Amino acid sequence: MSHYDVLIVGAGVAGCALAHALSTLQRPKPLRICLLERSLAEPDRIVGELLQPGGVIALQKLGMEDCLDGIDAIPMRGYCVVLGGQPVQIPYPDADEGRSFHHGRFIQTLRKKAKQAVGVDVIEATVTELVECQVTGRVLGVRAIRKQEAGEGAETAAAEKETFLADLTVVADGCFSNFRTKVLGEVGVKPALKSYFVGVILDDAHLPIAQHGTVVLVKGHGPVLLYQIGQHDTRMLVDLKDPLPADIKETILTDIMPQLPTSLQEPVRIALEKDRLRRMPNSFLPPAEQGGRHTKEGVFLLGDSWNMRHPLTGGGMTVAFNDVVTLRDLLRDVDDFGDWKAVSGVLHRWHWSRKRFASTINVLSLALYDLFGADDENLEVLRTGCFKYFELGGNCIREPASLLSGTKQSTLLLAYHFFAVALYAIWVMFTHPRQVGTTDAGKPVYARPRMDEYPFLAVKCVQVLWTACMVFMPLIWTEIRWW
Ligand SMILES: Cc1cc2nc3c(=O)[nH]c(=O)nc-3n(C[C@H](O)[C@H](O)[C@H](O)COP(=O)(O)OP(=O)(O)OC[C@H]3O[C@@H](n4cnc5c(N)ncnc54)[C@H](O)[C@@H]3O)c2cc1C
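Bear in mind the structure is a predicted one, so any value in this text is a computation, not a measurement.

Overview of the overall build of the protein chain
Part 1: Along its length, the protein chain carries 14 helices and 18 strands.
Part 2: A compact globule built from 483 residues should have a C-alpha radius of gyration of about 23 Å, and the protein chain, at 24 Å, falls within 12% of that.
Part 3: Across the 483 residues that make up the protein chain, the buried fraction comes to 47%.
Part 4: Taking contacts inside the protein chain between residues at least 6 apart in sequence as the whole, the part at least 24 apart equals 75%.

What about the packing of helix α13 (residues 411–431) against helix α14 (residues 454–480)?
Part 1: Interhelical geometry of α13 versus α14 gives an angle of 160° and a closest axis separation of 10 Å. When the axes of α13 and α14 are compared, the pair comes out roughly antiparallel. In terms of crossing hand, the pair formed by α13 and α14 is right-handed. Across the interface between the two elements, Ala415, Phe418, Phe419, Ala422, Ala425, Ile426, Met429 and Phe430 of α13 pack against Leu457, Lys460, Cys461, Val464, Leu465, Ala468 and Phe472 of α14.
Part 2: Here the residues of the contact of α13 with α14 are counted per class, giving 14 nonpolar, no polar and one charged.

Structural notes on the UniProt feature "transmembrane region" (unreviewed entry) in the protein chain
Part 1: Here, UniProt's "transmembrane region" (unreviewed entry) annotation points to residues 413–433 and 454–477.
Part 2: Counted over residues 454–477, helix gives 100% and strand 0%. Its end C-alpha atoms are 34 Å apart.

Observations regarding the sheet that holds strand β4 (residues 74–76)
Part 1: With antiparallel pairing, three strands are arranged side by side in an open sheet as β3-β7-β4. Whereas interior strands pair on both sides, the edge strands pair on one side only; in this sheet they are β3 (50–51) and β4.
Part 2: In this sheet, strand β7 (residues 98–100) lies alongside β4 in antiparallel orientation, the contact comprising three bridges. Its bridge partner lying in β7, Met76 is registered against Gly98.

Quick word on α13
Part 1: Taking 1.5 Å per residue as the helical rise, α13 with its 21 residues ought to reach 30 Å, and the 30 Å between its terminal C-alpha atoms agrees with that figure.
Part 2: Among all positions of α13, only Thr411, Leu414, Phe418, Val421, Ala422, Ala425 and Ile426 are buried. Buried positions in α13, seen along its axis, are confined to an arc of 135° and lie on one side of it. Of the exposed residues in α13, the ones pointing more than 90 degrees away from its buried face are Leu412 and Thr431.

What to know about the sheet that holds strand β12 (residues 212–217)
Part 1: Ordered in space as β6-β5-β12-β13-β14-β11-β15, the seven strands form an open sheet in which the pairing is mixed. Edge positions in the open sheet fall to β6 (86–91) and β15 (278–284), since each of these has one partner strand only. Neighbour-to-neighbour, the strand axes of the sheet open up by a mean angle of 20°, direction not taken into account.
Part 2: Direction of pairing for strand β5 (residues 78–83) relative to β12: parallel, over a ladder of six bridges. When the bridges of β12 are listed, Leu83 appears paired with Leu217.
Part 3: Together, β11 (192–203), β13 (224–228) and β14 (233–240) form the strand contacts of helix α7 (residues 262–274), whose direction differs from that of β11 by roughly 100°.

Overview of the pairing of strand β18 (residues 444–447)
Part 1: In the sheet, strand β17 (residues 434–438) pairs with β18 via four bridges, with the strands oriented antiparallel. Bridge assignment links Thr438 to a residue of β18, and that residue is Pro444.
Part 2: Where β17 folds back onto β18 in an antiparallel hairpin, the turn is made up of five residues, including Gly442, whose phi is positive at roughly 90°.

Examining the site of the ligand
Part 1: Of all residues adjacent to the ligand, which total 36 residues, the nearest are Gly10, Gly12, Gly174, Gly303 and Gly316.
Part 2: If you list the elements that add at least two residues to the shell around the ligand, you get α1 (13–23), β2 (33–37), β3, β8 (120–132), β15 and α8 (316–331).
Part 3: Residue contributions to the shell around the ligand peak at four residues, all from α8.
Part 4: When the residues that make up the shell around the ligand are grouped by side-chain class, the tally is 16 nonpolar, 15 polar and five charged.
Part 5: Here the shell around the ligand gathers at least three residues from each of two domains, domain 1 (3–49 + 102–190 + 285–357) and domain 2 (193–282).

Remarks on the nonpolar core
Part 1: In terms of nonpolar packing, the biggest core is built from 139 residues, with Val6, Ile8, Ala17, Leu18, Leu36 and Leu382 touching the most fellow members.
Part 2: With 11 residues, helix α10 (residues 355–372) is the largest single contributor of residues to this core.
Part 3: If we skip the residues at most four places from it in the chain, Val6 touches Leu22, Leu31, Ile33, Ala166, Leu168, Val170 and Phe337.

Describing the environment of Leu285
Part 1: Relative to the assigned elements, Leu285 resides in the loop between β15 and β16 (299–301).
Part 2: Between the alpha carbons of Leu285 and Leu457 there is a distance of 36 Å; along the sequence they are 172 residues apart.
Part 3: Those residues within four positions of Leu285 in sequence are excluded, and the remaining contacts are Pro191, Asn307 and Met308.

A closer look at the environment of Ile256
Part 1: As for its position among the elements, Ile256 is in helix α6 (residues 248–256).
Part 2: By C-beta crowding, Ile256 is classed as buried, having 22 other C-beta atoms within 10 Å.
Part 3: Along the sequence, Ile256 and Trp477 sit 221 residues apart, while their C-alpha atoms lie 34 Å from each other.
Part 4: Ignoring sequence-local partners within four residues, the contact set of Ile256 consists of Val218, His221, Val224, Val238 and Thr251.

So, the packing of helix α11 (residues 377–391) against α14
Part 1: Running from amino to carboxyl end, α11 crosses α14 at an angle of 85°, the nearest separation of the two axes being 9 Å. One finds that α11 runs roughly perpendicular with respect to α14. Along the contact surface, α11 presents Asn378, Leu379, Val381 and Leu382, while α14 presents Gln463, Val464, Thr467 and Ala468.
Part 2: For the contact of α11 with α14, the residue count by class is five nonpolar, three polar and no charged.

What counts, and where the lines are drawn
Residues numbered from 1 in each chain as written. Predicted model: local features only at pLDDT ≥ 70, side-chain atom pairs only at ≥ 80, totals over all residues. Helix = DSSP H or I, 4+ residues; strand = E, 2+ residues; numbered from the N terminus. Rg over C-alpha atoms; globule rule 2.2 N^0.38 Å. Buried ≥ 20, exposed ≤ 12 C-beta atoms within 10 Å, placed from the backbone. Contact = placed C-beta atoms within 7 Å. Axes fitted to C-alpha atoms, helices over the stretch in contact; angles between N-to-C directions. Parallel < 35°, antiparallel > 145°, perpendicular 65-115°, else oblique. Left-handed = near helix turned anticlockwise from the far one by under 90°. Nonpolar A, V, L, I, M, F, W, Y, C, P; charged D, E, K, R; others polar. UniProt positions renumbered as here; feature names shortened; annotations may be inferred. Pairing = 2+ DSSP bridges. Expected span 1.5 Å × (residues − 1). Arc of directions from axis to C-beta. Near = placed C-beta within 6 Å. Domains from an automatic or database assignment. Core = buried A, V, L, I, M, F, W, Y, C linked by C-beta atoms within 7 Å.

Dropping the structure here:
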């Protein structure tokens, strides 16, 4: 049986960052930290491939920016949104830069950094259960099964569970967390499935604007996201709603591919022929306050196990790294991690102080997803309005881009731009030409609304505003509810 100051379950994005951060805390004796990971092999996943500038800055604050070196990472300078073949460029302000890369390579450098940190033991073992005090219910550690070395075949040994004890246990086991319900108890909610991302890698594809993430808004499905993750590799993620179509490949080939920029269609066709389609659920999980009466003592959740947003805006790792920065700074003042009163005070302060960055990124991702994945008429009005709002340029791009990049952290500013988009969408509806039919040759015909259509548009205007409120307000509520 081993005893540590801190046990961390999961050496992914959040777990590695926390292990390293805690090792840098000044103590009379270095903290003993145990990082348990079920597989230390390089992960091969379609998640966490684009780190926003706000995440790069957080990584610098953690002293881990060198994890972005030597992994063939591509600088990211902004986004390009494409609607109906028309692109609009959304550069990150102030020459800020993000990075995109193969997820597995990044995770391996994070793990290497954690391994090198003073006092950190990285152990390859699958955590199977939490160890609780039989009297108080407080979590005292975990039980885990170590990975067997090749050749070690004895089945009895394979099934042997080892106990790891610690003053504090942190669960960072990702989106499919096995311990979420146990830790959160009655304050926990089930993640809500929003859609799926289906991913492939394109060879030597040319994006409309180099070093910019590309978001193509397609009819009938969610958005398609493309970004370069290596010198020759470009990730494509196609958003598909639940239930998934019976033949995903065919749906992409016939419904979606023709709506992509022409230069991308051939690389997509080739990738669909040779690459295996990978898929991941896109879930929403609002954060519940931890450390109170209803959650378990001695343990807390971090990363996707606790809080998830739609990956459309690539915000998950930025939230995770900023969370670790905030936690590290708050835990600095706790001398004894066994003092649950002190730790739960930290968890309370963390929950509310992280709102400035996490709420902005969470709400933005879901609100933008609702607009970009528009599946009703009113949302479509908002989607067109949003695209045209970006076309205005200036602050209509600069501030939303800084919110997206995670460099500006303000839910108020987000609300301002969201409702500015809604009002502009209504203005566009009244004043801009829209398609009213097609010529015999199949060309679209556009016309401005006539005066006699105004009463109908006035009704629609109320519906659009109502829809905007129904998208935004419930999301804000998930962030500010305090019980
Ligand atoms: C389709 C998709 C695309 C995404 N794209 C982006 C993006 O481009 N940019 C971005 O910032 N975010 C993105 N995200 C979100 C991002 O991937 C997550 O926010 C981030 O990985 C969360 O980190 P984590 O440490 O909580 O979980 P993970 O990084 O998943 O790490 C969890 C770790 O725990 C380990 N583990 C699990 N169970 C056990 C156990 N029982 N015992 C021991 N170890 C265990 C796992 O092996 C894993 O290593 C995306 C998400 C999805 C779904």
